[in-house]
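# Structure assessment
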Amino acid sequence: MKRRGAQILWEALTREGVDTVFGYPGGAILPAYDAMLDYDIHHVLVRHEQGAAHMADGYARASGKVGVAIATSGPGATNLVTGIATAMLDSSPIVCITGQVPEAMIGKDAFQEVDVTGITQPITKHNYLVTRAEDIDRTVREAFYIARSGRPGPVLIDITKNAQQAEIDYQPDEAPIRLPGYRTDLAAVAEEYEHAIELIDRAERPVILAGQGVIHSVAGAEVLEFVEKSEMPVAMTLLGLGGFPASHPLNLGMMGMHGESWVNQAIQEADLLLSFGMRFDDRVTGKLAAYAPRARKIHIDIDPAEISKNVAVDVGLVGDLKQVLRQLIAAMAGRKRPGWLDYIDGLKGHAAVRDIQRLPDTGHLWAAHVIHDLWRLTGRDTIVVTDVGQHQMWEAQYYKHDAPRTLITSGGLGTMGFALPAAIGARFARPEAEIWVIAGDGGFQMTAAELSTCAQEGIKLNIAIINNGYLGMVRQWQEFFYQRRYAATPILSPDYLKLAQAHGLDGMVVSSRAEVPRAVEMARSSAATMVVDFRVEQEDSVYPMVPAGAELHEMIRRPEESALPSPVRQSKDRPDTPVRAPTSAIAETGRDEL
Amino acid sequence: MQPEKQNREQQHRHNGNGQSGHNGKRNGARAALRRELHTFVAHVEDRPGVLNRVTSLFRRRAYNIDSLTVGRTEIAGISRMTIVMEADAATARLVEANLYKLVNVLRVEDVTHEPTLLRDLSLIKVKANAEIRPKVMQIAEVFRARVVDVTTESLVLEITGTEDKIQGLIDVLQPFGIVEMVRTGIIAMTRGADGIPIDPGFVHARVPTNGDS
Ligand SMILES: Cc1ncc(C[n+]2csc(CCOP(=O)(O)OP(=O)(O)O)c2C)c(N)n1
Ligand SMILES: [Mg+2]
C-alpha cells in the first residue's frame, strides 16, 4: 500500500499502543500533524514543549508505559531538552519525536535548524536522525523497545520533513527487532551469587537500600519475601518511595540528605548494605570516603555501568532485580536479627524529625502539617506529583507512600516546574486516580502556563501550592551556609485564586491549620481542577539535613526548643518582609560543597 | 631490537627513553595510583554518529584518550575501534561497561592483560640532502623502515611497529630535522587462534568490585 512517511509514523505509534501524545506543532513537523487527524490519537496541546516532555514522563511514571512527546524543529526541539534530561536522570521511558528541516537543507543553518541529535546525545538513552520514509517504522519500533527495556530511558527520533512527506510502498515491519549491540541480558555468574549469599547469611547488621529499580522491575513481592525471610530493615531512596510499603514495620523510611536520622545512622553502622536498584547518588551517600565504613556492599542493578560507579562494592549482581531476588531468596538461609532491629528502634527514640507533627496549633501553618493532613485524608492509591524544593522533601518525609507509582518526582535532575505538567501526563495514564500536585510557589510559576492546558483538556487535578514566599530550599542553604543573606530568593506570587479563576478553574487560599482538612475535602469533591494556595510559614527549614559533602550521620537537627516565632502575617507584600532574626542557633558547618 | 616479541607489560613499563611528555606520563608518579595504559577493542556498527557517541563518553568524564583508531573489519557494516587510555582498573571496567551501553557498540574487550599484538604506522619526513641521505637510509634499515619518497632535500620514511619502536626511530632522526610526521595510532589484535566473538550467547557483566587489584 502507498503511505506517506507521516502516516507511517502514526501507524507505527498506534501499533506500539499509543493513544495519547503531548506536543506542539510547527513547520518541520506539520506533515505529521496533518496526518495525525486521520488516526485515533488524542493530542494534548501543551503551552511549552518542556511541558510536553514532562507530561510524557509523568505518563510513563504513573503507568510504566512509554510516554510520547512531539515537537517541531529548532526551538520546539530545544525546549524539550530539560524534560528529556529529567527523564534520563530518573530512567523514565519516553519517546520524543521532533521534526527536522528537509535533508537537503541540513547543515545550511536553515530556518529553525538545530542539531537535535547532537544536543540530546548525552541526555538520551539513544537517538535517531531519520531522513527516509522507509526507516520510520523500524525506528519507531526500536525506539520504544529501547526506551522501555533494560534500564528505561528517553529516546529521541528526529524526522526530516522530506521523510514525513515522501510517499512509499509500505508494509508494516513485522520482523523481530534486531539490535545486536543492545543487550539487556548481561548477567552475573554463579560465583558472584555464592559470594552474595555468603555475605547475606553472615551479616549481623544489614540494611537494604531500595531504589526505583524495585518499581521498574515490579519486584515488590520479591522484596517483601526477601525482607521477611531475612528480617532485614529497608531504607528508601526518594525515587524508591512506594516501592516497599511505608507502613511495613521493617521500612525505616527515607535515607540521605533529608532522610530520617536513624536511617542514616543505621546505614553508617551497618555491616552489610544491599542495594536494590539504586545508584548511590551523592544525595544519599554524603561524603563518600566516610560512607558506611564497616559495611560490605552488594549492588544489584540492571545497568552494569552503575556497579562501583560511586561506591566500590564487594559484589555486583547485574540483572533484573525481580529475577536476581528470586535466586537469592531460594539460596539464602533466612534468619532473625532482633538485636539489630531493637538497636535501630532505639535510635528512633532520640530522633526529632517528627516534632513538627506534634506541634500544637498556635496559628502557624507549617508545610509539614499540610502534607501530613493530606496524607491522612487521601487514599493509598492517590498519586502525588511534586515539584522540587523544600515542599518536595516534606512530601517525602510526611506523606507515607504504600503503593508503587504513587509518588512522581524529579529526583536526579531536580527540575523545578516538573510537577504540573507531569501531573497532567499522569492524569492521562491514570484517568481514575486521585492526583495531587504539591508544588512550591517558585517552581509552580515556572510552568504555570500549563493550567491553561488543564482547562483546555477539561481534566481534574488537585493542586497544592506550598506558598512560603521564597525559593525556600535555596533560602534554607543561604540561612545555613551564607549567613542568611537572601540573595534573589524572596519571590512574589500572583493571586493564585484569581489565576485559577482566570483559567476557569477553582481556587482557595488557606492560612491556618484548622482550614486544611476542609480545603482538602473541597478540592477532592470539586469537579474542576482546584488550586489551593497554602500560605505556610515562610522561613521554615527541612530537617534533618546532612550538609552536602558532610558525613551521612552529621545531621543538622530541628532546633530543640522548637522554634516557634510569632506568626508572620500573610500578605501579598511578602518579598519585602525584612529578614527575621535567627530562630535558633544552627551549627555553622560552613559546608556547602554543591 | 625485536619489539614484536615484547608483551603488553614490557611495552608499558619500558618504553622509549622517557624524555618526551608522552613517555614521562607512563613512567611518572601516577604509577603509584596503579594507573596503566588500557587497550580496548570495540566492534561497532558502521553508522553515522557512532564515533561521536564513543568519544562523547570519554569527553563528558574528562578522560583523555591516548589513541583511537577506527577501520573496517572482515564483516560488512561492522567497524573496529582500538582505544588506548590511561586508567586504573576500576575506571577501565566502567569505561568498558559504558561503551557496552551504547546501542551501536556490539562488543567491547579490554585486551590490556591479554597477549596482544599492537601496531602503529608512521610516516616521517626528514630533512636530507645528498650528503645526509645515506645516513638516514642506514638508520631506516636498522629500524626496518621503508623509504617511500625522496627529493633532493628530503626523505619520507614509513615505519610500522609498536609505539616504542617508532619512538626509537623518531629519537634518532630528530638531530637531522623532522619536517613533519603522522601516526595512525595503535591497532590491536590478540595473539592465538581465536578472534573476539562479536555476538556471544552469554555475556558476563564484568563489573569492578573491591576484590579487584
Ligand atoms: C529549573 C531549576 N532552577 C533552579 C533550581 C535550584 N533550586 C532548587 S530548589 C529551589 C527553590 C524552589 O523554590 P519553591 O518552588 O518555592 O519551593 P520551596 O523550596 O520553597 O518549597 C531552587 C531555585 C532547580 N532545582 N531547578
Ligand atoms: Mg517556595
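Residues numbered from 1 in each chain as written. Chains lettered and ligands numbered in written order. Predicted model: local features only at pLDDT ≥ 70, side-chain atom pairs only at ≥ 80, totals over all residues. Heavy atoms only, no water.

## A word on the overall build of chain B
In terms of helices and strands, chain B carries 6 helices and 9 strands. Per-residue burial over chain B gives 45% buried out of 213 residues. Long-range contacts, defined as pairs at least 24 residues apart, comprise 74% of the intrachain contacts of chain B with a sequence gap of at least 6. Of the roughly 11,200 Å² of accessible surface on chain B, 51% is carried by carbon and sulfur atoms. (Helix = DSSP H or I, 4+ residues; strand = E, 2+ residues; numbered from the N terminus. Buried < 20%, exposed > 50% of the residue type's maximum accessible area, 1.4 Å probe, protein only. Contact = heavy atoms within 4.5 Å. Areas by Shrake-Rupley, 256 points an atom, 1.4 Å probe, with all protein chains shown as cover.)

## Examining the site of ligand 1
All names here are of chain A. For ligand 1, the set of nearby residues contains 17 residues, the closest of which are Gln-390, Gly-414, Asp-441, Gly-443 and Gly-472. At a separation of 2.8 Å, a nitrogen atom of ligand 1 approaches a polar backbone atom of Gly-414. At 2.9 Å from an oxygen atom of ligand 1 is found a side-chain nitrogen or oxygen belonging to Asn-468. Coverage of ligand 1 by the protein chains reaches 77% of its 590 Å² of free accessible surface. Elements represented by at least two residues in the shell around ligand 1 include exactly α17 (390-398), α19 (441-446) and α21 (472-481). Sort the elements by how many residues they give to the shell around ligand 1 and α19 lands first, with 4 residues. Residues of the shell around ligand 1, tallied by class, amount to 7 nonpolar, 9 polar and 1 charged. (Near = heavy atom within 4 Å. Polar contact = N/O pair within 3.5 Å; in protein donor to acceptor, adjacent residues only side chain to side chain. Nonpolar A, V, L, I, M, F, W, Y, C, P; charged D, E, K, R; others polar.)

## As for the domain arrangement of chain A
Residue and element names in this part refer to chain A. The domain boundaries assigned to chain A delineate domain 1 (2-169), domain 2 (190-350) and domain 3 (355-589). For domain 1 versus domain 3, the separation of C-alpha centres amounts to 33 Å. Taking both partners together, domain 1 and domain 3 bury about 1,900 Å²; carbon and sulfur atoms supply 63% of that area. By the criterion of area lost to domain 3, the three top residues of domain 1 are Arg-47, Arg-61 and Ala-62, representing 31% of everything that side buries. There are 0 salt bridges connecting domain 1 and domain 3. Taken together, the connections running from domain 1 to domain 3 amount to 10 residue pairs in polar contact (both at pLDDT 80 or more). (Domains from an automatic or database assignment. Buried area = accessible area lost by both parts, 1.4 Å probe. Salt bridge = Lys/Arg side-chain N within 4 Å of Asp/Glu carboxyl O.)

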